[in-house]
Structure formats: structure tokens, C-alpha cells
Amino acid sequence: MIKVAFYDAKAYDMPSFEKYGKLHDVQFRFLETKLNEDTVELAKGYDAVCVFVNDSVTKTVIDRLYEMGVKLIALRSAGYNNVDIRSAFGKVHVVHVPAYSPYAVAEHAIALLLTSVRRIHKAYNRTREFNFSLNGLTGFDLHGKTVGVIGTGRIGRIFIDICRGFGMNVIAYDYYPAKDSGIEYVTLDELFMRSDIISLHCPLTDETRHIINDEAIGKMKKGVVIINTSRGGLIDSEALLDGIKARKVGAACLDVYEEEADIFFEDRSGHIMNDELLSRLISMPNVIVTSHQAFLTEEALNNIAETTVNNIVSCFEKDGMCDNELCYRCGNIEHCKKERKERCF
Ligand code: NAI
């Protein structure tokens, strides 16, 4: 029996993790609290911890996990910017779920885009009050518009396919352009200058932090629609708010927010919102915020649980490498898996 402390557990996580855990003799203890320096002690006596996007897995947390004999940090997400991979190397293995339903995220980005440009959110509220006026609901056709996609990995490519179905022109920027993909790659500046809509599908790294900032917004077309379903830190939220107030940014569709860790995933409707910036963004008529729900489909939840349990089992039972291990030293996970065929340490 492998014992796992499951941090930041939500009701929607439990059924699928319980199901796959039972099949493979993995026992989860579901904890409502997030993992951080104050809560790391709860992992005492466990073989592994299972964490999500807003758990804070710093060097201090990792060192304490190591001291307590915890062998594995199993991320149940694709992104891993909240884990200090460098500090974990040689101490605690780290695995993630590289893909669970890229369709879920790409489709959510499209849902946000359509909602925004056709004012569905406003129409929904109006008709519930029997207000059938169309004033102020004029949208625009997506057909013929240019969408700039930053990051053409699993999610970005599906997003591009959907956009093509709408008859949009697609341009893209990626650090590693996909060869023979038929995608028109341009420089970041050109993407900013030509796009009517910009959608972010790259990871949050030192290079991509605030990739959308004052300077970038300055280069964009007036009325640009910005979609972020990747990580909040890709956008400098102050700059975005300024761009909206200056009428430069036509709309923003945000599933993620830089300071979301202590806000998202919880019902805060009865509380005073302390984050002035988020309050201001939400108050804008042309901003739609969802609380990091792009992944939240039945298919994705099942795939996340199945892959996470497989990752955990492979790390404890196989002599070989952990499936989906994140290795700081190899840097490139694909390369690591292909070349090493063994545990990273
Ligand atoms: P992926 O790894 O398949 O693709 C990422 C792409 O970004 C790659 O093509 C890579 O070359 C590119 N990239 C890396 N550094 C870059 C840079 N500096 N500039 C431009 N492009 C760069 O990842 P996938 O599965 O498509 O996921 C993308 C992101 O979506 C994840 O990093 C994660 O943050 C986010 N995500 C959000 C979810 C949500 O619920 N909102 C759920 C799942 C993922």
C-alpha cells in the first residue's frame, strides 16, 4: 500500500482518485489545506504528496519532505511552475500529468472567446430578467480575423485547429516552432502587431513571465482580445488594466490570474475582496474571469487521476524511471525520457 497525502483536495477530485487508487493499492488522505511551509508536517508518515497548481512547493518544503522520508511529489497538473524542480533534484522525485485533456483547455479558451465577442454573459443576465433589448450586444465575426497563438504545444495546436474551423487566420509564436505543421510562425512583435485576438498557451517560465506587459500591449492593435488559459503570471495584470482603461485592449478572457493562489477555487462570495486589481478587472464590462476551470471536464478528471496513480505506482514499483518524471538536470523532459530510460537520480 502506497500512502499519499493529497493536498488542496476538492469534492470533484475525490471520486476519480479513490477509484484509481483502489485499483492500484494507493491510499489517498484528502487534505483540504494547501501544501506550504506551514502545512508540510501533515505529510509525515506518507510515501508521497499529491499537489495541484496553487500548492507552494518551495525549497524549504522540499527539504522538509526529504527529511521526513517523502519520496515523491506527484503533481496532478501539467504546469509545474509552483514546484522548485531544481531543489528537488537528488532528493524527491517529481512527476506531473503532461496531458489529460488538451481539448478541455482549448475548448474553454474558445468558450471564453465566443462568450466575450458575442456578449453571451450579458445576454444571459438580461433574458433572465425578461430584458430582451439588444442594445450594447453587438459583437464581431471571428471569421476572417487574425488570431495570434503564443505556444503551439498540445493545447495551442488544438486551439489553432478550432480557430481554423471558424475561418480565422492563424499566426503563432513559439520558442520551438513545430516543423511541418503548416503554422505560420512570426516574431513576438509581429504577432502583437497583427493579431485581433491573442491566446496564451505557453508555460510560465522566467522568459515568459509578463510576456504581456505595457510594452507588448503598446504594440497591439486597438481592440485586441486577450485570452489567458495558461498561467496568470504570463500577464502583468496592472498593465492589462491600464490597457483596458485606455480602450486599447478590447476584451480580456482570463481563466488564470497571477495572484490567484489564495483566491481561486473557493467560494468567497460572502467576503470582502482584498485584491483591488482583481476586483477592478472583474468590474470591467469587457473582462470575463473564470477561476482556473479550463481543465474541469469529466474526461480530464478521469485522465488526471489515472495518470497520477500510474505515475505514483511506477515510481514505487518499477526499477526503471518514473513515468512522467520532471528532471531539472536533463532540462528537456522529452529528451530525458528518450535518452536515459532510467530514473533521473
Ligand atoms: P506543451 O508543453 O504541450 O506546450 C507548451 C508550448 O509552449 C511548447 O510548444 C513550447 O515550445 C512553448 N514554449 C515554451 N517556452 C516558450 C516561450 N518562452 N515562448 C513561447 N513558447 C514557449 O503544454 P500544453 O499542454 O499545451 O499546456 C500549455 C500550458 O497550459 C501549461 O504550461 C499550463 O500552464 C496551462 N494549462 C492550464 C490549464 C487550466 O486549467 N487553465 C490546464 C492545463 C494546462
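These numbers were taken from a predicted model, which means no experiment stands behind them.

Novice: Tell me about the environment of Lys248, residues and numbers included.
Specialist: Counting through the fold element by element, Lys248 comes out in the loop between helix H9 (237–245) and strand E11 (249–254). Distance in space between the C-alpha atoms of Lys248 and Val225 is 9.6 Å, their sequence separation being 23 residues. With residues near it in sequence (within four places) discarded, Lys248 still touches Ile217, Gly218, Lys219, Met220, Lys221, Lys222, Gly223, Val224 and Gly243. A polar contact is formed between the side chain of Lys248 and the backbone oxygen of Gly218, at a distance of 2.9 Å.

Novice: Residues and numbers for the site of the ligand, please.
Specialist: Residues in contact with the ligand amount to 22 residues; listed here are only the nearest, Tyr100, Arg154, Ile155, Asp174 and Thr229. Between the ligand and Arg154 there is a distance of 2.9 Å, counted from an oxygen atom to a backbone nitrogen or oxygen. Residue Phe295 places a main-chain N or O atom 3.1 Å away from an oxygen atom belonging to the ligand. Alone, the ligand offers 860 Å² of accessible surface; in the complex the protein occludes 87% of this. Residue composition of the shell around the ligand, by class: ten nonpolar, eight polar and four charged.

Novice: Tell me about the side chain of Asp174, and please be specific about residues and values.
Specialist: Relative to the assigned elements, Asp174 resides in the loop between strand E7 (169–173) and strand E8 (184–185). Buried within the structure, Asp174 lacks any salt-bridge partner; Arg157 is the closest side chain of opposite charge, at an N-O distance of 7.8 Å. Of note is the side chain of Asp174, whose polar atom sits 2.7 Å from the backbone nitrogen of Thr152. Within the local environment of Asp174, its side chain forms a polar contact with the backbone nitrogen of Tyr176, the two atoms lying 2.7 Å apart. Here Asp174 is in contact with Gly151, Thr152, Gly153 and Tyr185, once residues within four sequence places are set aside.

What counts, and at which threshold
- Residues numbered from 1 in each chain as written.
- Predicted model: local features only at pLDDT ≥ 70, side-chain atom pairs only at ≥ 80, totals over all residues.
- Heavy atoms only, no water.
- Helix = DSSP H or I, 4+ residues; strand = E, 2+ residues; numbered from the N terminus.
- Contact = heavy atoms within 4.5 Å.
- Polar contact = N/O pair within 3.5 Å; in protein donor to acceptor, adjacent residues only side chain to side chain.
- Near = heavy atom within 4 Å.
- Areas by Shrake-Rupley, 256 points an atom, 1.4 Å probe, with all protein chains shown as cover.
- Nonpolar A, V, L, I, M, F, W, Y, C, P; charged D, E, K, R; others polar.
- Buried < 20%, exposed > 50% of the residue type's maximum accessible area, 1.4 Å probe, protein only.
- Lys, Arg positive; Asp, Glu negative; His and termini not counted.
- Salt bridge = Lys/Arg side-chain N within 4 Å of Asp/Glu carboxyl O.

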